[in-house]
Amino acid sequence: MRENISVMAADRPYNDYYHYLKNRFGAVTYKVSVDGGFTCPNIDGTVARGGCTYCNNRSFVPKYLNRKDSIRTQIDRGVESQRLRYGAERFLAYFQAYTNTHDTVDRLEVRYREALDHTDIDGLVIGTRADCLADPVISLLESLARECYIAVEIGIESVYDETLMRINRGHDFSAVEQACERLAGRGIHIGAHLILGFPNERRRQWIDSADVVSGLPIKYLKLHHLQVVKGTAMARQYYDNPFPVFDFDQWVELVADFIECLRPDIAIARMAGSAPSGMLIVPQWGRKKHSEVKQRVKELLEARGTRQGIAKFTYY
Ligand code: SF4
């Protein structure tokens, strides 16, 4: 894939989500996590039981969140926290835990509207699976998108069917392509998650993933390194038969290589996973944080004199 495409801001070698949101809303905009009380079809038996082998939902839900609290209370806490930590001025409610389109349309609408009724909320970000977007749900999202910003975040995780089968994902990559096709052109912003590092995959495949996701109509991407987390099937696999995971420098180099192949208009919302230290088995990077990954990747791209998409797309 090689095409002419306009570039991101000249002062950054990659297109970052912070500026994507700031440009969209004209102010520093952050997401506040909301637990809508949903479950997941890959856990409750609708698709499968046991969930994805790497998944422990407790590892990606912020500490301040309690699903027993009302959505209003959850948002109040999140807004206060993001204002203090990041100077955030505008906010999106992020339905993050489990699969946030896995319910009847009526109940989904009640939950979404509860968040949108909060005076600090300018829109929704809804995390879900590619196989959990029935037509009536997409119609609901399309009608909400006429009123405010609506993003649907799809867990791709891997573009390789063999991996998706091994991790008990419960759908193949064509489900992702079909979901993107059905969401596109309806005013709904599409985001995606991708995990690099599954033990059956190789480096070349991770770089090639950039090409594959560049072909999807996504606006932003969250890139995660594989983390082995307590209480998961993958943790048991790791204890029985340890496999290699990225050290910090290997990961920084891979992310830089990946970004060089990624379509330049895709905003990068994450460059690493961030499981809480008490739950993480490997890799252990000490006190290194997500912000440090971003800084090191930026420095590496600058040192190389390259930028997002340079290897695949022609700049003008
Ligand atoms: S990763 Fe997502 S789809 Fe997989 S089991 Fe966990 S909540 Fe369900």
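(A) Here's a closer look at unusual backbone geometry. For the bond from Val282 to Pro283, the omega torsion is -5°, close enough to zero to count as cis. If you trace the backbone, Pro283 turns up in the loop between strand 10 (280-282) and helix 10 (290-304). Positive phi, close to 60°, is recorded for Tyr98, a residue that is not glycine. In this structure Tyr98 comes out as partly exposed when scored by relative accessible area, which is 30%. Despite not being glycine, Glu157 has its phi angle at roughly 70°, a positive value.

(B) Seen up close, the pattern of salt bridges. In total, this model carries 24 salt bridges according to the counting rule given. As a salt-bridge pair, Arg83 and Asp120 come within 3.3 Å of each other at their nearest N and O atoms. Pair noted here: Arg83 is in helix 2 (residues 71-86) and Asp120 is in the loop between helix 3 (105-116) and strand 4 (121-128), with a separation of 37 residues, a long-range link. A salt bridge links Glu147 to Arg113, with the nearest nitrogen and oxygen atoms 3.0 Å apart. In this pair, Glu147 is assigned in the loop between helix 4 (135-145) and strand 5 (149-157) and Arg113 in helix 3, connecting sequence segments 34 residues apart. Here Arg113 falls in the partly exposed class, since its relative accessible area comes to 27%. A single salt-bridge network, built from bridges that share partners, covers Arg203, Asp257, Glu260 and Arg304.

Criteria and cut-off values
- All residue numbers refer to positions counted from 1 along the written sequence of the respective chain.
- Thresholds applied to this predicted model are a pLDDT of at least 70 for local features of residues and 80 or more for the giving and counting of side-chain atom pairs; totals over whole chains, interfaces and linings are not thresholded and use all residues.
- Only hydrogens and water are set aside; all other atoms, that is, all heavy atoms of the structure, feed into the side-chain values.
- Counting from the N terminus, the helices are the DSSP runs of H or I reaching at least four residues and the strands are the DSSP runs of E reaching at least two.
- Buried means the residue's accessible area, taken with a 1.4 Å probe over protein chains only, is under 20% of the maximum for its type, while exposed means over 50%, and partly exposed covers the values in between.
- Take a side-chain nitrogen of Lys or Arg and a carboxyl oxygen of Asp or Glu: if they are within 4 Å of each other, that pair is a salt bridge.

Everything listed here is a matter of coordinates, which is why it stays silent on function.
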